[in-house]
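The chain contents come next:
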Amino acid sequence: MASSTLIFSLIALILIITTIPHSMSSPVQGFAARLIHRDSPESPLYNPAATRAHLAQSARRRTIARQNYFNRLMSSGNKWGSSLISATLDQAHGDFIMQYKIGTPRVDTFGIFDTGSSLIWMQCEPCQKCYMQTIPIYDPAKSESYQKVKCGSVECSTTAYTSCAEDGECKYRIKYQDGSLTEGDIATETLMLEDDGLSGNVNLSNMVIGCGHYNLDTVEDYSPGVVGLNREPSSLVGQIGFRHVSYCIPSEDKGNRSSVKIGLPAVITEENTQTPMLSGKGGLYYLSLEGISVDGARLNIPRSVFDMTPEGDGGVIMDSGTSFTLIAPEGFGAVKQAVLDALSEFKPVEDSDKLYPFCYNDGRFKLETTPEIVFHFTRLDFPLAAGNTWIRNSQGHFCLAIRESVGNFNIFGLYQHRNANVGFDFNNNIVSLKYTDCQ
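Values in this document were obtained by computation on a predicted structure and should not be read as measured data.

Asks: Talk me through the sheet that holds strand S19 (residues 297-298); I want residue IDs and the actual numbers.
Replies: Read from one edge to the other, the open sheet built from 4 strands follows the order S19-S18-S24-S25, with strand pairing classed as antiparallel. Looking along the sheet, the strands with just one partner apiece sit at the ends: S19 and strand S25 (380-383). The sheet contact formed by strand S24 (residues 373-377) and S25 spans 4 bridges and is antiparallel. Bridged to Phe375 within S25 is Phe382.

Asks: I'd like a rundown of the nonpolar core, residues and numbers included.
Replies: Counting 70 residues, the largest nonpolar core has Leu236 and Phe424 as its most contacted members. If one sorts the elements of this core by residue count, strand S12 (residues 202-216) sits on top with 5 residues. In this structure, this core is formed jointly by two domains, domain 1 (30-66 + 85-262) and domain 2 (268-435), each of which donates at least three residues. Not counting chain neighbours up to four residues away, the residues in contact with Leu236 comprise Met98, Ile120, Leu204, Met207, Val227, Gly228, Leu229 and Ile262. Membership of the second largest hydrophobic core comes to 17 residues, among which are Tyr131, Val149, Cys156 and Val208.

Asks: A description of the pattern of salt bridges should follow, citing residues and the corresponding values.
Replies: The full count for this structure, using the stated rule, is 10 salt bridges. Residue Lys171 is joined to Glu169 by a salt bridge in which the shortest nitrogen-to-oxygen separation is 3.5 Å. With a closest N to O distance of 2.4 Å, Lys171 and Asp185 form a salt bridge. Highlighted residues: Lys171 in strand S10 (residues 170-176) and Asp185 in strand S11 (residues 181-195), separated in sequence by 14 residues. Bridged by salt links that share partners, the residues Lys148, Glu169, Lys171 and Asp185 form one connected network.

Asks: Could you give an account of the packing of aromatic side chains, naming the residues involved and the relevant values?
Replies: Counted under the stated rule, the structure contains 18 aromatic pairs. With a centroid separation of 5.8 Å and 85° between ring planes, the pair formed by Phe358 and Tyr360 is classed as edge-to-face. Across this residue pair, the class does not change: Phe358 and Tyr360 are buried. Through a chain of ring-to-ring contacts, the aromatic side chains of Phe346, Phe358, Tyr360, Phe365, Trp390 and Phe398 assemble into a single cluster. The ring of Tyr415 has Arg418 sitting right over it, with the charged end atom 4.0 Å from the ring centre.

Asks: Give a description of the environment of Thr369 that names residues and reports values.
Replies: When you line up the elements, Thr369 lands in the loop between strand S23 (359-360) and S24. A sequence separation of 26 residues divides Thr369 from Leu343, and the C-alpha atoms of the two residues are 9.3 Å apart. A polar atom in the side chain of Thr369 sits 3.0 Å from the backbone oxygen of Lys366.

Asks: An account of the state of the cysteines is needed here, citing residue identities and associated values.
Replies: One pass over the structure, following the stated rule, counts 6 disulfides. With its sulfur 2.0 Å from that of its partner, Cys127 forms a disulfide with Cys130. Disulfide Cys127-Cys130: torsion about the S-S bond near -85°, hence left-handed. Going through the protein in sequence order and numbering each bonded cysteine, the pairs you get are 1-8, 2-3, 4-6, 5-7, 9-12, 10-11.

Asks: I'd like a description of helix H5 (residues 329-342), backed by residues and values.
Replies: Helix length check: H5 (14 residues) gives 20 Å between terminal C-alpha atoms against 20 Å at 1.5 Å per residue, within 8%. Turning to H5, its buried residues number three or more, namely Gly331, Phe332, Val335, Ala338 and Val339. The buried side chains of H5 occupy one side of the element, clustering within an arc of 135° when seen end-on. Considering only its buried residues, H5 is in contact with strand S18 (289-294), strand S21 (325-327), S23, S24, strand S26 (390-392) and strand S28 (402-404).

Asks: Talk me through unusual backbone geometry; I want residue IDs and the actual numbers.
Replies: Glycine aside, a negative phi is what most residues show, and trans is what most peptide bonds show. The peptide bond linking Thr104 to Pro105 adopts the cis configuration, its omega dihedral lying at 0°. For Pro105, the location among the structural elements is in the loop between strand S5 (96-102) and strand S6 (107-114). Across the junction of Glu125 and Pro126, the peptide omega takes the value -5°, indicating a cis bond. As for its position among the elements, Pro126 is in the loop between strand S7 (120-123) and strand S8 (147-148). Even without being glycine, Tyr161 reaches a positive phi, approximately 65°. When you line up the elements, Tyr161 lands in the loop between helix H3 (154-157) and strand S9 (162-164). Owing to a relative accessible area of 5%, Tyr161 belongs among the buried residues under this scheme. Look at Asn419: it is not a glycine, yet its phi comes out positive at around 60°.

Asks: How would you summarise the sheet that holds strand S27 (residues 398-400) if you had to cite specific residues and measurements?
Replies: The strand order across the open sheet formed by 4 strands is S22-S23-S27-S26, and the pairing between neighbours is antiparallel. Across the chains shown, the open sheet's two edge strands, defined by having one partner strand only, are strand S22 (348-349) and S26. Sheet topology places S23 next to S27; 2 bridges connect them, and they run antiparallel. In the strand pairing of S27, Cys359 is matched with Cys399.

Parameters and conventions
- Residues numbered from 1 in each chain as written.
- Predicted model: local features only at pLDDT ≥ 70, side-chain atom pairs only at ≥ 80, totals over all residues.
- Heavy atoms only, no water.
- Pairing = 2+ DSSP bridges.
- Helix = DSSP H or I, 4+ residues; strand = E, 2+ residues; numbered from the N terminus.
- Core = buried A, V, L, I, M, F, W, Y, C linked by side-chain atoms within 4.5 Å.
- Buried < 20%, exposed > 50% of the residue type's maximum accessible area, 1.4 Å probe, protein only.
- Domains from an automatic or database assignment.
- Contact = heavy atoms within 4.5 Å.
- Salt bridge = Lys/Arg side-chain N within 4 Å of Asp/Glu carboxyl O.
- Phe/Tyr/Trp six-rings, centres within 6.5 Å; stacked < 30°, edge-to-face > 60°.
- Lys NZ or Arg CZ within 6 Å of the ring centre and 35° of its normal.
- Polar contact = N/O pair within 3.5 Å; in protein donor to acceptor, adjacent residues only side chain to side chain.
- Disulfide = S-S within 2.5 Å.
- Expected span 1.5 Å × (residues − 1).
- Arc of directions from axis to C-beta.

Purely geometric numbers; function is a separate question.
If you want it as structure tokens, here you go:
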């Protein structure tokens, strides 16, 4: 199931550097990070014994958890903050990891790369309770650059999930709906992003991190932590101050490497690729979707299905941690029926992996003759490539790679924009989508 392994990918950050705000070691304009499949032998999470069925079940667990994560977020208030320090969310932050170095002297670590999270956190010694991970747990006592953050500081007040301890130190606590938990100290530390051979390494000094001394992992992810990349001040993007981010994920036939870019290398200038980026809850990346077409016909889906309410609920989110597009029930029902009608000569079958809504097991089924699905964003019509619409399950059947959301929100998933350069412009509040060679 080569196509489905794309969604279990990782990011190894190796830089093509050319900016840098005050926290960086040299004046560079940005960097480009390499993308590598999570299941590649180069990955710290590589499992050579994983079968197609195992990968399918892992995909199902992560997809369901991610849906619940956003469903809970939609009902938990308008902003991450201290009022949510015990908020119950779901684990399963994303399908990529980022490799980097931390501390003085430097040690290797990595974390889930997540545009839906606002904090860089990792497991730390001494452990009151820690779960198993694939590399040694970080010990801040061995680092000369590690400093705990005090309550009342800017670092504490602008970081999500924080509270003040009796000794005046800034603490954080994140409890996930599935029982996973991380809590510990808010601190500052030096991170290093490695050079790819074209320029110098980038040192990020005084970066705010969460150092978790009490951690539970019920989904057995085995990652040391998370690298948050949403729009909040405490995320990686928020701290280093770059105003452009882009990433590009290739389909499996295009190879297993590509890049995510931050800063000047991420700038996309073509206006015909652009749609507005809306403000919304939790520093997430919201899109303006006006409708969906199937096989050339605009579906009768009320605009309210895709719009945010005045309270900030609903809407359409672009998220690196969601594998497949999720559409709110009323909209999904229309898409599903239109696809079934367009393929009425074939008999649909249930997905044996229980991940996709329906599949086809018919030798006559050809991707090139399937109906085209177009997402009509404001000022941008984005047609889904057939290879981004259908996926083979563990039995080799072709399945629709779009799911119904568990709530009244929509997520434009990673699989649906493979082979497209996705850019975020924070200066002009624009999202760009442009098909390209992602290698």
